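Here are the chains, one letter per residue:
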Amino acid sequence: MSRTYFGTDGVRGKVGESPITPDFVMRLGYAAGRVLVQHAGARSAKGEHPAVLIGKDTRVSGYMLEAALEAGFAAAGVDVMLVGPMPTPAVAYLTRAVRAQAGVVISASHNPYDDNGIKFFSAGGLKLADAVEQAIEEELQRPMGCADSVNLGKARRLNDAAGRYIEFCKSTFPNDLDLRGMKIVVDCAHGAAYQIAPMVFHELGADVTAIGSAPNGRNINDGFGATHPQALVEAVRKHNADLGIALDGDADRLVMVDADGRSYDGDELLYLIVKERSGRGPVAGVAGTLMTNLAFEQAMKRLGIPFGRAKVGDRYVLEMLNEKGWQYGGENSGHILCLDCHTTGDGIISALQVLSALRKSGLSLKEAGSELVLYPQVLKNVRLADRNAWQSNKPLSASIESAEKRLAGRGRVLLRPSGTEPVLRVMVEGEDGALVNTLAEEIAAVAAA
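Fair warning: this is a prediction, and the values are worked out from it, not measured in the lab.

Asker: Teacher, can you tell me more about the nonpolar core here?
Answerer: Considering soluble globular proteins, one finds that nonpolar side chains tend to be buried as a cluster. Formed by 69 residues in total, the largest nonpolar core has its most connected members in Phe201, Ile245, Val286, Ile348 and Leu355. No other element matches helix α11 (residues 347-361), which puts seven residues into this core. Leaving out residues up to four positions away in the same chain, valine 286 has contacts with Leu270, Val274, Phe296, Met300, Ile305, Pro306, Phe307, Gly308, Trp326, Tyr328 and Gly329.

What follows is the structure, given as structure tokens:
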């Protein structure tokens, strides 16, 4: 049975349109609750209900969707712990910390405010297994019911959630180091980390200036955050800061900016983390994606560290890490996984690992970041009636083969269809930026013909 509602990162869409409507989200909460009740054996030996923890970002629709989820879970006989605005990785951590059966995040990550979504974490702080998501989808096909009054779930606030998570983040930074003397600008994207991220870096000793920290329900990711780093660039220069840290709306992505205003993506930041870890001892391997820059792969080879490419999406990076028993991976978009620190990607914790590497080396971000020079990478989107027909396009195959010969082993060509629209993504990267751009245009033209 194929999945109708769950994508690679939960259920997501425009608010007010299916499936992000209050009636559907209540049914989703009920269906998820029913599955959890079955997995938990309805009640524990102490007579307690299964429990879920619900967090959200700062979108105005979060109030409505939180209430709908709460009603659905309560009707299924599941207790709810509400933590309010909280980063996605914080919900993953807190779910484990309070021994809840699941965690739920109401967020559409880096999307505009009028989108929203629901994503789930297991009791262990991991994204739900496909089999569990499938079970929820199957339960959604059945009529919604309601437990009898004695078995209804209850809701309560977890008032110390922010403090717990702040301490958890700080615990991933070495005890013998601090950030005293460092001036940092933190861009919270008017999102879920607006109260938490500045406090983490401040309590470790940094002089912190926060931007993107005044959410109004409609300004999340709007001109701020990891997807709009120009605001951070300007603030770093204005405040003469040592560096800047940008998160996205739910704080699982990271972009950093050095004192000169140059931004560093996920590949560059992951390199700094992995290189520091390799100085402590052998690193078993690192996972990237199909879009990870070729220069990163070659850098791993120079360090003697195995490297693998997963499909695009942090979910698939995590799958590869678990399959191979590796601990480090990420995407150039800024999702970085350090499984020796957390079960999921965490923008704040990733920033702390970069800062730890800088403190240990005594280098600035500019100095440390100069070690990895990324290859120019050009991406072209070609609209096609059938996004999979390119595989049998002989002129296109010939164009790709010609491009690869001209790159002569100093670059690569990648074609992949979009998973959500009739678009073929054509990516070319290599040492010679002008050649890369020419080849990308040529291949795109053949694909569109």
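Back to the text.
Asker: Looking at this structure, how should I read the pattern of salt bridges?
Answerer: Once their charged atoms are close, side chains differing in charge can pair, the charge on each being opposite to the other. By the definition in use, this model includes 31 salt bridges. As a salt-bridge pair, aspartate 314 and lysine 127 come within 3.1 Å of each other at their nearest N and O atoms. In this pair, aspartate 314 sits in helix α10 (residues 314-324) while lysine 127 sits in the loop between β5 (115-122) and α4 (130-140), placing the two residues 187 residues apart along the sequence. Taken as a pair, aspartate 314 and lysine 127 share a single burial class, namely buried. One salt bridge connects arginine 406 with glutamate 442, and the closest N-O pair in it is separated by 3.0 Å. Taken as a pair, arginine 406 in helix α13 (residues 394-407) and glutamate 442 in helix α14 (residues 433-448) lie far apart in primary sequence, 36 residues in all. The partly exposed category is assigned to arginine 406, whose relative accessible area is 39%. According to the relative accessible area criterion, glutamate 442 is partly exposed, its value standing at 35%. Members of the salt-bridge network, linked through shared partners, are Asp9, Arg12, Lys119, Lys127, Asp250 and Asp314.

Conventions used here
- Residues numbered from 1 in each chain as written.
- Predicted model: local features only at pLDDT ≥ 70, side-chain atom pairs only at ≥ 80, totals over all residues.
- Heavy atoms only, no water.
- Core = buried A, V, L, I, M, F, W, Y, C linked by side-chain atoms within 4.5 Å.
- Buried < 20%, exposed > 50% of the residue type's maximum accessible area, 1.4 Å probe, protein only.
- Helix = DSSP H or I, 4+ residues; strand = E, 2+ residues; numbered from the N terminus.
- Contact = heavy atoms within 4.5 Å.
- Salt bridge = Lys/Arg side-chain N within 4 Å of Asp/Glu carboxyl O.

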